[in-house]
Amino acid sequence: MFPNWQLVSISIIYIGLLFLIAYLGDKYRNQLAKKGQGIIYALTLGVYCTSWSFLGTTGQASTNFLSHIPIYLGPILIFIFAWPFIQRIIRISLKLNLTSIADLLASRFGKSHNLAIIVTLVAFVGTMPYIALQLKAMVYSFQQLQIDQSLSSWHIGVVISVVLSGFAILFGIRNIDVTERHPGVMLAIAFESLIKIMAFLAVGLFVCFSLFDSPFEIWELSNASLKLDQQMNVDNISSMLAMLVIVMAAFLSLPRQFQVMVVELKDQKDTWLGRRVFPLYLLVFALFAAPLGLAGDMLLGDRVPADAYVLFLPWSQQQTWLTLVAFIGAISAASSMVIISSIALSTMLSNEIVFPMIFRSNSGNNTDYENFRFRLLNIRKFLVLVVILLGYGVFLMASPDTLSSLGEVAFGAFAQLTPALIAAFYWRRASLTGVYGGVLVGFMLWLILNFLPQFGLYQQPFNDGLLPATSVSSLLSLMANIFVMWALSQISRQSVQERVQASLFLEWKSPKILNSQVNRNIDYRELELLVSRFVGVKKAR
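Residues numbered from 1 in each chain as written. Predicted model: local features only at pLDDT ≥ 70, side-chain atom pairs only at ≥ 80, totals over all residues. Heavy atoms only, no water.

Peer 1: Just give me the short version of the nonpolar core, but keep the residues and values in it.
Peer 2: Formed by 167 residues in total, the largest nonpolar core has its most connected members in Tyr48, Phe54, Leu104, Leu105, Val207, Leu421 and Phe425. When residues in this core are grouped by element, the largest group, 18 residues, is from helix α17 (residues 320-361). (Core = buried A, V, L, I, M, F, W, Y, C linked by side-chain atoms within 4.5 Å. Buried < 20%, exposed > 50% of the residue type's maximum accessible area, 1.4 Å probe, protein only. Helix = DSSP H or I, 4+ residues; strand = E, 2+ residues; numbered from the N terminus.)

Given below as structure tokens:
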């Protein structure tokens, strides 16, 4: 094990390096945009792989080495077979300068502010346990490797929360301009994605080809063939398929994934490399999780928690440096998710809830736009801090076992947004009433059947079914969502604005719209005056 000062020093050096990378990314943003944007974009997609991927799936694979497959297979299938859909989302989002999935759905369905609010709340509630899970992973990794347990979990958690908040505020919240992107943050996230896959790959190669002769030896010594025969039953296969559906439904609606895949993208051409690299990135985690889990079960057993096998397998062979590399990889996997999620949620909360309240309460007599802009910027910074500290609050209140299950449960919340997302681009008759009703019913069912029982308020239903109770609850709420959206869309009428917006998202225009363009000469001073109200006089000029 390591003394506290050594772990703290390594953490400070690594965090300092992240700050330096983000600073350089902002300073040389123009050069990066010309040369390395495709590579950066491809690596930032790796923010999907959190501490659950780095630590948790290895623990899962130690007892059931098929259970982790849907987590990786879902996004791979989407990138292979649903790539035109992703391209369509990106194309429309860039065209309309959309800043979040709440902004996208609200824009498609008649620019409904109420729909934007409920989508924001769904994303917010679903993300809180996920942030708590990442904070737990960072605290947990630190505590597992320290000799002296003098630092309590809440002390470590506070420090981590404050540092991550500071990073997100400093490099992620610089302007309220909807077209603003964060090249410094994206470069840092790309670096973290590179670090975590190199760390996981290093541990995997060491275990498979140094500690053992090959993965086949691990397979034979662990009697994996016998375990596979036992696990290839109807219950396990049904559970995998159910989880695969939930993961695929949730993937496109994850706030962090939408942020890096859509919002931060500047040119659609940069996605070419990402489509090819990201599935391979996930494949590395998927392939090495099972050998690491089986090796950990054989060599370490119950002496250490299964989630810590990635950290302790190198340590058990006196590989000090490799253990520290694994520690940094775990920190990278967790921190990147927290940073991106806090930026995405602060944007959604400010744009859809807080800013509209301020505009409504403003008397309209205030013409000091720079001061007003500064005030809005500070509010967004404060929201980043609130998001991360609320995640820290969930980390303190929930038991460790509950946190692990909440990560899986959270996917069910994000999945409630995907039926509306698909309908937005492929179903012209989908109405605001139908989508609003579907999301509301699905989210409420998920909250009652899946989320609240995790805190021990009452027993979760469907415990004796063929599928895990969490999967049944998520699938049931998702099916109710789809049915309500379809039924209400059949009996409700679209407004004129809904039909106009539908034509944009379905990339269809009537001849009347195409031929109604009006030529008019506009004085540039009028445009300058208009733009200055939103971005300030200096930037407008």
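Peer 1: Kindly report on unusual backbone geometry, identifying the contributing residues and their values.
Peer 2: For Gln318, which is not glycine, the phi dihedral falls at a positive 60°. Looking at the secondary structure, you find Gln318 in the loop between α16 (309-316) and α17. For Gln318, a relative accessible area of 64% corresponds to the exposed category. Of note, the phi angle at Phe462 is positive, near 65°, even though the residue is not glycine. Summarising the element assignment, Phe462 is placed in the loop between α21 (432-451) and α22 (469-491). Its relative accessible area of 33% is what places Phe462 among the partly exposed residues.

Peer 1: If you had to explain the packing of helix α1 (residues 4-27) against helix α9 (residues 153-172) to someone new, which residues and values would you point to?
Peer 2: Close contact between α1 and α9 brings their axes to 11 Å; oriented N to C, the two are set at 10°. Taken together, α1 and α9 sit at an angle that is classed as roughly parallel. In this structure, α1 uses Ile15, Leu18, Phe19, Ala22, Tyr23 and Asp26 to contact α9, whose residues at the interface are Val163, Phe167, Leu170 and Phe171. Each residue belonging to the contact of α1 with α9 can be placed in one class, and the counts come to 9 nonpolar, no polar and 1 charged. (Axes fitted to C-alpha atoms, helices over the stretch in contact; angles between N-to-C directions. Parallel < 35°, antiparallel > 145°, perpendicular 65-115°, else oblique. Contact = heavy atoms within 4.5 Å. Nonpolar A, V, L, I, M, F, W, Y, C, P; charged D, E, K, R; others polar.)

Peer 1: Describe in detail the pattern of salt bridges, supporting the description with residues and values.
Peer 2: The full count for this structure, using the stated rule, is 2 salt bridges. Note that Asp26 and Arg29 form a salt bridge whose closest N and O atoms lie 3.6 Å from each other. Residue classification places Asp26 among the buried positions, given a relative accessible area of 10%. Between Lys227 and Asp297 there is a salt bridge, and its shortest N-O distance comes to 3.7 Å. In this pair, Lys227 is assigned in helix α12 (residues 224-231) and Asp297 in helix α15 (residues 271-299), connecting sequence segments 70 residues apart. (Salt bridge = Lys/Arg side-chain N within 4 Å of Asp/Glu carboxyl O.)

Peer 1: Give me the environment of Pro279: which residues, what numbers.
Peer 2: Within the element layout of this structure, Pro279 appears in helix α15. Judged by relative accessible area, which is 13%, Pro279 ranks as buried. Not counting the four nearest positions on each side in its chain, Pro279 is found in contact with Ile76, Phe79 and Gly274.

Peer 1: Quick rundown of the packing of aromatic side chains? Include the residues and the values.
Peer 2: Evaluated as defined, the whole model comprises 26 aromatic pairs. Seen from their ring centres, Tyr281 and Phe285 are 5.7 Å apart, and the 40° between their planes marks the pair as tilted. With Tyr281 and Phe285 both in helix α15 and 4 residues apart, this pair spans about one turn of that helix. Classification of Phe285 as buried rests on a relative accessible area of 1%. Above the plane of the ring of Tyr426 lies Arg88, whose end atom (NZ or CZ) is 4.8 Å from the centre. In this arrangement the basic side chain of Arg256 is found over the ring face of Tyr130, its NZ or CZ atom lying 4.9 Å from the centre. (Phe/Tyr/Trp six-rings, centres within 6.5 Å; stacked < 30°, edge-to-face > 60°. Lys NZ or Arg CZ within 6 Å of the ring centre and 35° of its normal.)

Peer 1: If you had to explain helix α13 (residues 234-251) to someone new, which residues and values would you point to?
Peer 2: Over its 18 residues, α13 extends 26 Å from the first C-alpha to the last, a length consistent with the 26 Å expected when each residue adds 1.5 Å. When we look at burial in α13, the residues that qualify are Asn236, Ser238, Ser239, Ala242, Met243, Leu244, Ile246, Val247, Ala249, Ala250 and Phe251. Capping the start of α13 is the job of one residue whose side-chain oxygen sits 3.2 Å from the backbone nitrogen of Asp235: Asn233. (Expected span 1.5 Å × (residues − 1). Polar contact = N/O pair within 3.5 Å; in protein donor to acceptor, adjacent residues only side chain to side chain.)

Peer 1: Break down the environment of Gly110 for me, with residues and values.
Peer 2: Within the secondary structure, Gly110 is located in the loop between α7 (101-108) and α8 (113-145). Through-space distance from the C-alpha of Gly110 to that of Leu345 is 22 Å; in sequence the pair is 235 residues apart. Residue contacts for Gly110: discarding those within four places in its chain leaves Gln497, Glu498 and Gln501.

Peer 1: Could you give an account of the packing of helix α3 (residues 37-44) against helix α10 (residues 183-211), with specific residues and numbers?
Peer 2: For the pair α3 and α10, the least separation of the axes is 8 Å and the interaxial angle reads 60°. With respect to their mutual orientation, α3 and α10 come out oblique. Classified by chirality, the crossing of α10 by α3 is left-handed. Every residue of α10 that contacts α3 at Ile40, Leu43 and Thr44 is listed here: Met186, Leu187, Ile189, Ala190, Ser193 and Leu194. Its residues placed into classes, the contact of α3 with α10 shows 7 nonpolar, 2 polar and no charged. (Left-handed = near helix turned anticlockwise from the far one by under 90°.)

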